[in-house]
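Understanding the architecture of this molecule
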Amino acid sequence: MTDRSATAAQPAPTTRTGGVRLDRVTKRFRSGAIGVDDVSLAVEPGEFVTFLGPSGSGKTTTLNTIAGFAKPSSGRIEIAGADVTALPPSKRNLGVVFQNYALFPHMTVRENIAFGLHGRGLSKAEIGARIEESLAMVRLDGLGDRTPKQISGGQQQRVALARALVYRPPVLLMDEPLGALDKALRDRMQVEISRIHREVGTTFLFVTHDQGEALGLSDRIVLFDRGRVVQVGTPAELYERPASLFAAEFLGESNVFRGELAGPGVLRFGEQTLRFTGDGPGSGSAAVVVRPERLRLVRAADASGGAASGVASGAVESAARGGAESAARGGAGVQNRVEARVVNIAYFGAFRRVTLRYADGSSGLLHDGVDAPAPIALGDAVVVGWDAEHAVVVPAPGPAEQAA
Ligand SMILES: Nc1ncnc2c1ncn2[C@@H]1O[C@H](COP(=O)(O)OP(=O)(O)OP(=O)(O)O)[C@@H](O)[C@H]1O
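Taking an unreviewed UniProt entry as the reference, the chain is identified by name as ABC transporter ATP-binding protein belonging to Agromyces soli.

So, on to helix 4 (residues 153-165). Taking 1.5 Å as the rise per residue, helix 4 with 13 residues should run 18 Å; its terminal C-alpha atoms sit 19 Å apart, in good agreement. Of all 13 residues in helix 4, eleven are buried, a share of seventy percent or more. Buried residues along helix 4 sit in contact with strand 6 (95-98), helix 2 (109-114), helix 3 (124-137), strand 7 (171-175) and helix 5 (183-200).

Turning our eyes to something else, we now look at the site of the ligand. Within the structure, the ligand sits among Phe29, Ser31, Ala33, Gly35, Pro54, Ser55, Gly56, Ser57, Gly58, Lys59, Thr60 and Thr61. At a separation of 2.8 Å, an oxygen atom of the ligand approaches a polar backbone atom of Thr60. When the free accessible area of the ligand is taken as 630 Å², the share hidden by the protein chains comes to 59%. Here the residues of the shell around the ligand are counted per class, giving three nonpolar, eight polar and one charged.

Turning our eyes to something else, we now look at the sheet that holds strand 10 (residues 228-233). Taken in spatial order, the six strands make up an open sheet running 6-7-8-3-9-10, and their pairing is mixed. Only two strands of the sheet have a single partner each, and these edge strands are strand 6 and strand 10. For this sheet the average axis-to-axis angle between neighbouring strands, irrespective of direction, equals 15 degrees. Strand direction decides the pairing type here: strand 3 (residues 48-52) and strand 8 (residues 203-208), joined by five bridges, are parallel. By the bridge assignment for strand 8, Val49 is matched with Leu205. Helix 4 contacts strand 6 and strand 7 of the sheet and is inclined by roughly 165 degrees relative to strand 6. Seen against the sheet, helix 5 touches strand 3, strand 7 and strand 8 and runs at an angle of roughly 155 degrees to strand 8.

This paragraph deals with the sheet that holds strand 13 (residues 272-275). Pairing in this open sheet of five strands is antiparallel, and the strands run 13-12-11-14-20 from one edge to the other. A single partner strand is all that each edge strand has here, and the edge strands are strand 13 and strand 20 (391-395). Averaged over all pairs of adjacent strands, the angle between strand axes in this sheet comes to 45 degrees, irrespective of strand direction. Note that strand 11 (residues 255-261) and strand 12 (residues 266-269) share two bridges and pair antiparallel. Each bridged residue has a counterpart across the sheet, and for Glu260 the counterpart in strand 12 is Arg268.

Confidence in the prediction of the chain, expressed as mean pLDDT, is 85, and 85% of residues score 70 or more. The low-confidence segment residues 1-14, where pLDDT is below 50, has 21 contacts with residues more than four positions distant or belonging to other chains. Contacts from residues 302-328, a stretch scored under 50 in pLDDT, to residues over four places away or in other chains number 61 contacts.

Turning our eyes to something else, we now look at the environment of Gly179. The residue Gly179 is located in the loop between strand 7 and helix 5 in this model. Assessed through its relative accessible area of 39%, Gly179 is described here as partly exposed. On a C-alpha basis, the gap between Gly179 and Gln99 in space is 5.9 Å, while along the polypeptide they are 80 residues apart.

Thresholds applied
Residues numbered from 1 in each chain as written. Predicted model: local features only at pLDDT ≥ 70, side-chain atom pairs only at ≥ 80, totals over all residues. Heavy atoms only, no water. Helix = DSSP H or I, 4+ residues; strand = E, 2+ residues; numbered from the N terminus. Expected span 1.5 Å × (residues − 1). Buried < 20%, exposed > 50% of the residue type's maximum accessible area, 1.4 Å probe, protein only. Contact = heavy atoms within 4.5 Å. Near = heavy atom within 4 Å. Polar contact = N/O pair within 3.5 Å; in protein donor to acceptor, adjacent residues only side chain to side chain. Areas by Shrake-Rupley, 256 points an atom, 1.4 Å probe, with all protein chains shown as cover. Nonpolar A, V, L, I, M, F, W, Y, C, P; charged D, E, K, R; others polar. Pairing = 2+ DSSP bridges. Axes fitted to C-alpha atoms, helices over the stretch in contact; angles between N-to-C directions. pLDDT = per-residue confidence, 0-100.

And the structure:
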């Protein structure tokens, strides 16, 4: 993931290019399938916006309607203030980078980048200057005379980026551009793409199904599900305040406590009362969502003690009485406490990833510090806790509503 904070002090680019506006765009294919379902969206000039969602959720089709590769069945698309809905791709003046970036193998890097510049009324000197500028932008100066075969996969992706940026398009569209690269290279390219975005000031629209990429790169994320936009927000907004169970479960990992709302900020989970802050559904079935790093181990209890039955009963106090109280890890003040059974522990270097089973049979996760005073073991009955401000409530149909 990129570290945007490390570069926050850098000056913003002087010019920010065109915004993009989608107004009730729907794309229905001839087969009857709906690729995009009534999507409205406003992307600010110079923004880095990521389309995120599972396979088939409509990310690429939405990008294709912006590029002009797919004609919307209804709705309107504006780029830099102009209605482009009826324009062919070539008239939209957009930069496009795909996962399969298809460089011409027999041409040099420089020729690949120059290819689309010819016939645009630019002088030879101007073309030369633009190519060198683009090569420098993607940090490939010195490699302009090589052919694609003579450079690495990551460098080829940079050439594709340079080729798209050399036009100085107001908007750059990227569809899974890092999908073909290995993890280490993807991480490095994310940092590069962030830097380039800051330097050029171009609006970037980026498609990915990789939540890490979306969180690390974007000013805002547009989350898609079944052709619809289900949430738009900054990475922190989507991660900290998911608006639905789908958003919570697609972006990051969660502990999900399903129950019934019992007044403002209160959810009944089995026999327990869980508190949360912020808005949510007023009544009915709902779920409290807590991220693994917000969950604290309040009490590690000996597995051989009575805590094991306490998990099944759902009464926190029984765990405290029955099990040997072996550790309190700063959870003394937490407002919410729930019993759990440790069903798996995986060492992740910076933390241990502890899989928990709750009284209702659902699973959850806790990140336990590697230097925690009393390590917990597989099979332990424990009590975990969290503060109300770290819990989000989302609508979650109960069994009766699901069956209906
Ligand atoms: N040319 C097409 N003809 C018919 N249906 C299509 C066509 N292209 C896409 N679809 C359908 O539209 C829906 C959205 O597809 P789309 O490719 O936009 O999803 P996506 O989120 O980009 O998925 P992925 O991450 O797998 O690329 C899917 O149900 C898909 O099957």
